[in-house]
Amino acid sequence: MNPTYLGTALITGASSGIGAVYAERLARRGYDLVLVARNRERLAALASRITTETRRNVELLVADLGEKGGVASVEAKLKDDATITLLVNNAGVGTHTPLVESDVDAMSRMIDLNVTALTRLTYAAVPGFLSRGKGEIINISSIVALAPEVLNGVYGGSKAYVLAFSQSLQHELGAKGIRVQAVLPGATATDFWQTGGLPLEHLDKAIVMSAENMVDAALVGFDRGELVTIPSLHDGDKWEAFEGARRAMSNLLSSNAPAPRYAQAR
Ligand code: NAP
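In this report, the structure presented in the accompanying data block is examined. Only a predicted model underlies this, so the values are computations on that prediction, with no experimental measurement involved.

Quick notes on the layout of surface pockets
Space inside the second largest pocket adds up to approximately 390 Å³. Forming the boundary of the second largest pocket are 16 residues, of which Glu 226, Val 228, Thr 229, Ile 230 and Gly 236 lie nearest the centre. Of all the elements, helix H8 (residues 236–250) adds the most residues to the lining of the second largest pocket, at five residues.

What follows is the structure, given as structure tokens:
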């Protein structure tokens, strides 16, 4: 039996790795797809396989999300296509190089893709979602959002942005029919590592998950309505405790008087 039609999912960074697995899984769930990335050949090969296997409509949108024009073309699609019900902000790059050894222009390009493009695409999608009273956004963050010491600090900072932005979006829009999920993958077996300059073979196999397992677990979290999903964290209570402590502190962070521990010594 064919699954119920769920609208269209627009997935960025769909030409490989995590994005390509989302494409396949979401098509099987009943979404038509808009696949975004730079590599047309890889997108076309994936689209052809998914169409054959699922009979879903798959559209390609070749765009460089590190360039203003590329982002604008995807923003236009999100604004104009009222069938879009799910945005998966997945495209991203990272590196492990320390700050002093990193080229600041490369860091800036990373922010353009990981932060600016993700933000602009969200802004493009949300008004339509609000007017239709529903819409879903999956933002691919990373465990380095919580552990910025692990890889390059600009990468960690960019993924911390994705987490905080997602939490704020859910807070603002959750009551208006919009659902947001931030996914924090640990090390995942994709081209990400080679592209970032640290081949996968250099990692301990015990900490590396397949992209298929990562996405399937993230979709279980999505189905459960989780705002934050960390597929590789076995002890979920650790996240609950961390998040509980953060929320408990959030009302205590502003005051008209400095904390006594900062009193000037007389
Ligand atoms: P990947 O296989 O290298 O995929 C990256 C995707 O982003 C590709 O489809 C790539 O396609 C696209 N992309 C890169 N630059 C782009 C640009 N300028 N414009 C448009 N698309 C662009 O790596 P992945 O692991 O699946 O990465 C997906 C996401 O997961 C990223 O946000 C990454 O930060 C996050 N993540 C990965 C890991 C991991 O260990 N792999 C862990 C945590 C989080 P084209 O080259 O065709 O443009």
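Still to come is the rest of the account.
Brief notes about empty space enclosed by the protein
All told, the structure shown has two cavities of 30 Å³ or more when counted by the stated rule. Of the voids in this model, the largest cavity is the one considered here, and its volume is about 60 Å³. Thr 12, Leu 65, Asn 89, Asn 90, Ala 91, Leu 113, Asn 114, Ala 117, Leu 118 and Leu 121 are the residues that line the largest cavity. When residues in the lining of the largest cavity are grouped by element, the largest group, five residues, is from helix H4 (residues 104–132). Size it by volume and the second largest cavity reaches roughly 40 Å³. Every residue along the wall of the second largest cavity is listed here: Gly 94, Thr 95, His 96, Leu 151, Phe 192, Trp 193, Gly 196, Gly 197 and Leu 198. Taken together, the residues of the lining of the second largest cavity sort by class into four nonpolar, five polar and no charged.

Regarding the site of the ligand
The full set close to the ligand counts 30 residues, and Arg 38, Asn 90, Tyr 155, Thr 188 and Thr 190 are the nearest of them. Note that an oxygen atom of the ligand is positioned 2.8 Å from one of the backbone N or O atoms of Ile 18. Separating an oxygen atom of the ligand from a side-chain N or O atom of Lys 159 is a distance of 2.9 Å. Within the complex, 93% of the 890 Å² of free accessible area of the ligand lies under protein. Of all the elements in the fold, those that place two or more residues in the shell around the ligand are helix H1 (17–29), helix H5 (153–173) and helix H6 (192–195). Taken together, the residues of the shell around the ligand break down into 13 nonpolar, 13 polar and four charged.

Here we look at the packing of H1 against helix H7 (residues 211–223)
Across the interface, H1 lies against H7 with an axial gap of 9 Å and an inter-helix angle of 50°. One element, H1, and the other, H7, form an angle in the oblique class. Considering how the two elements wind past one another, H1 and H7 form a crossing that is right-handed. Taken together, the residues of H7 that come into contact with H1 (itself represented by Gly 17, Ile 18, Val 21, Tyr 22, Arg 25, Leu 26 and Arg 29) are Ala 211, Glu 212, Met 214, Val 215, Asp 216, Ala 218, Leu 219, Phe 222 and Asp 223.

With respect to the pattern of salt bridges
On inspection of all chains with the given rule, the structure shows 15 salt bridges. Notably, a salt bridge pairs Arg 120 with Glu 75, separated by 3.1 Å at the nearest N-O pair. Residue Arg 120 is found in helix H4, and its partner Glu 75 is found in helix H3 (residues 68–80); the two are separated by 45 residues along the sequence. With relative accessibility at 9%, the residue Glu 75 sits in the buried group. Salt-bridge contacts for Lys 238 lead to Asp 235; the nearest nitrogen and oxygen are separated by 3.3 Å. Take Asp 235: its relative accessible area is 33%, and that puts it in the partly exposed class.

Remarks on the packing of aromatic side chains
Scanning all chains against the criterion turns up four aromatic pairs. Relative to Phe 192, the ring of Tyr 155 has its centre 5.4 Å away and its plane inclined at 45°; by these criteria the two rings are tilted. On the criterion of sequence distance, the pair formed by Tyr 155 in helix H5 and Phe 192 in helix H6 is long-range, its members being 37 residues apart. Judged by relative accessible area, which is 5%, Tyr 155 ranks as buried. Among the aromatic residues, those joined into a cluster by ring pairs are Tyr 155, Phe 192 and Trp 193.

Quick look at H5
Helix length check: H5 (21 residues) gives 30 Å between terminal C-alpha atoms against 30 Å at 1.5 Å per residue, within 8%. Looking at the buried positions of H5, the neighbouring elements they touch are H4, strand S5 (135–140), strand S6 (178–183), H6, strand S9 (228–229) and H8. Its side-chain oxygen 2.9 Å from the backbone nitrogen of Val 154, Asn 152 forms the N-cap of H5.

Overview of the side chain of Asn 152
Relative to the helices and strands, Asn 152 resides in the loop between S5 and H5. If near-sequence neighbours (up to four positions away) are discounted, Asn 152 is found in contact with Thr 95, His 96, Thr 97, Pro 98, Ser 102, Met 107 and Met 110.

What counts, and where the lines are drawn
Residues numbered from 1 in each chain as written. Predicted model: local features only at pLDDT ≥ 70, side-chain atom pairs only at ≥ 80, totals over all residues. Heavy atoms only, no water. 1 Å grid on protein atoms, 1.4 Å probe; cavity = no way out; pocket = protein on both sides within 12 Å on 5 of 7 lines; lining within 4 Å. Points joined across faces, edges and corners; volume = space filled by probe spheres on them. Helix = DSSP H or I, 4+ residues; strand = E, 2+ residues; numbered from the N terminus. Nonpolar A, V, L, I, M, F, W, Y, C, P; charged D, E, K, R; others polar. Near = heavy atom within 4 Å. Polar contact = N/O pair within 3.5 Å; in protein donor to acceptor, adjacent residues only side chain to side chain. Areas by Shrake-Rupley, 256 points an atom, 1.4 Å probe, with all protein chains shown as cover. Axes fitted to C-alpha atoms, helices over the stretch in contact; angles between N-to-C directions. Parallel < 35°, antiparallel > 145°, perpendicular 65-115°, else oblique. Left-handed = near helix turned anticlockwise from the far one by under 90°. Contact = heavy atoms within 4.5 Å. Salt bridge = Lys/Arg side-chain N within 4 Å of Asp/Glu carboxyl O. Buried < 20%, exposed > 50% of the residue type's maximum accessible area, 1.4 Å probe, protein only. Phe/Tyr/Trp six-rings, centres within 6.5 Å; stacked < 30°, edge-to-face > 60°. Expected span 1.5 Å × (residues − 1).

Honestly, that's just the spatial picture; any functional story needs more than this.
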